[in-house]
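Descriptive analysis of the structure
Below are the chains, spelled out letter by letter.
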Amino acid sequence: MRIIQITDTHLSPSKAHFNANWSPLAQWVADQKPDLVVHTGDLSIDGADIEDDLAFSAGLLNELPVKVLSLPGNHDIGHMPGSPQPVSATRIDRWRAVIGPDRWIHDMDGWRLVGLNSLILGNDSLEEEEQFDWLEDALAEAETRRIAIFAHKPLFVDAADEGETGYWSVRPAPRRKLLDLIEEYDVALHASGHLHRAWQGMHNNTSLVWAPASSFIVGDMERDMPGERILGAAIHTLADRAETEIVEINSLSRFVLDDVIEEVYPRARIAQAPETAA
Ligand SMILES: [Fe+2]
């Protein structure tokens, strides 16, 4: 089974800065003839506040000639408590109404694919608790299937035992819980987006993949992090084990967020940190 992971498309009918990358991405995906597409979030520029951004993105995804499973990103449903757009029931409900479930299970060819809503991790909400219960059941009931987890946010940036990275990865307490579950149930793959950087590594027996965005890279406005600043997608081949090829798609225009952040995400600039933008 071949799954194409696309991520961080950042589409919008009103802020069209990155829309030009949709057609070449869609063409590339169609040419690949995958069995499934997974979008790991930030479909939209500002679906957290603007329903049209989500509806527009959904319309484009529906044009793909293959089944697509999507997960929310911080720009689709909001993010951490205290941020300018905290995740909320209203925002999650909007996602569910326009796009679909914010977490899902998809069984296929001897694999169980689990999609997580990573924006509620660490916000100490009832939704977070419910999702952990649901996840544990999903893993425990996988039977003989191998397991791959998809989410917007990576488990960590530099090291599995690092402290709070704020915006960029899962907070330490929920990260520990996830890593324990991943080990207990021998999860083969954890694949994420969010960082707009491409990277692959291993954590014990689990393959970790950061798929590259298709919209823009982040330039010097953000601290250096692991991974390559490229635009593209990831191809996951799931058979006896999970193998991933990260592909730089040369037909995508290499937009740089730094050049347009005042227009696209002015609040991020004003709020405090440029790192609240990707
Ligand atoms: Fe993003």
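Residues numbered from 1 in each chain as written. Predicted model: local features only at pLDDT ≥ 70, side-chain atom pairs only at ≥ 80, totals over all residues. Heavy atoms only, no water.

Observations concerning the pairing of strand 11 (residues 232-238)
Along any regular strand the residues' side chains alternate between the sheet's two faces. Counting buried positions along strand 11 gives six out of seven residues, so the element sits mostly inside the fold. The sheet contact formed by strand 11 and strand 12 (residues 242-248) spans seven bridges and is antiparallel. Each bridged residue has a counterpart across the sheet, and for Thr237 the counterpart in strand 12 is Glu243. What sits between the antiparallel neighbours strand 11 and strand 12 is a turn of three residues. (Buried < 20%, exposed > 50% of the residue type's maximum accessible area, 1.4 Å probe, protein only. Helix = DSSP H or I, 4+ residues; strand = E, 2+ residues; numbered from the N terminus. Pairing = 2+ DSSP bridges.)

Observations concerning the coordination of the iron ion
Coordination of the iron ion by the protein is provided by Asp8 (OD), His10 (NE2), Asp42 (OD) and His196 (NE2), with metal-donor distances spanning 2.1 to 2.4 Å. Angles of 89 to 179° at the metal separate the four donor atoms of the iron ion, which places the site in the irregular class. All donors of the iron ion come from a single chain, and their spacing in sequence reads D-x1-H-x31-D-x153-H. Residue Asp42 is located in the loop between strand 2 (36-39) and helix 2 (51-61), and its partner His196 is located in the loop between strand 7 (189-192) and strand 8 (199-203); the two are separated by 154 residues in the primary sequence. You can call Asp42 buried: its relative accessible area is 0%. (Donors = N, O, S within 2.8 Å, 3.2 Å for Na, K, Ca; no water. Tetrahedral: all angles 85-135°; square planar, octahedral: opposite > 155°, others 65-115°.)

With respect to the packing of aromatic side chains
Summed over the entire model, instances satisfying the criterion amount to four aromatic pairs. Aromatic side chains Tyr167 and Trp168 sit 4.8 Å apart centroid to centroid with 85° between the ring planes, which places their arrangement in the edge-to-face category. Through a chain of ring-to-ring contacts, three or more aromatic side chains come together here, namely Phe18, Phe216 and Phe255. The ring of Phe132 carries Lys177 above its face, with NZ or CZ at 4.2 Å from the centroid. (Phe/Tyr/Trp six-rings, centres within 6.5 Å; stacked < 30°, edge-to-face > 60°. Lys NZ or Arg CZ within 6 Å of the ring centre and 35° of its normal.)

Points about the layout of surface pockets
A probe matching the size of a water molecule, rolled over the atoms, marks out where space remains unfilled. Taken as a whole, the second largest pocket spans an internal volume of roughly 210 Å³. If you go around the second largest pocket, you meet 13 residues; those closest to its centre are Leu61, Asn62, Val68, Ser70 and Ile99. Looking at the lining of the second largest pocket, the elements that each hand over two or more residues are helix 2 and strand 3 (68-70). Among the elements that line the lining of the second largest pocket, the one with the most residues is strand 3, at three residues. (1 Å grid on protein atoms, 1.4 Å probe; cavity = no way out; pocket = protein on both sides within 12 Å on 5 of 7 lines; lining within 4 Å. Points joined across faces, edges and corners; volume = space filled by probe spheres on them.)

Brief notes about the side chain of Asn74
Position of Asn74 relative to the elements: it lies in helix 3 (residues 74-77). In contact with Asn74, other than residues within four places in its own chain, are Asp42, Ala48, His79, Leu119, His152, Tyr167, His194 and Ala278. (Contact = heavy atoms within 4.5 Å.)

Side note on the environment of Arg223
Structurally, the position occupied by Arg223 is in the loop between strand 10 (216-217) and strand 11. Arg223 sits in the partly exposed class, given a relative accessible area of 39%. For the pair formed by Arg223 and Arg112, sequence separation is 111 residues and the distance between their alpha carbons is 35 Å. Discounting residues that sit within four places of it in the chain, Arg223 has contacts with Val157, Asp158 and Arg197.

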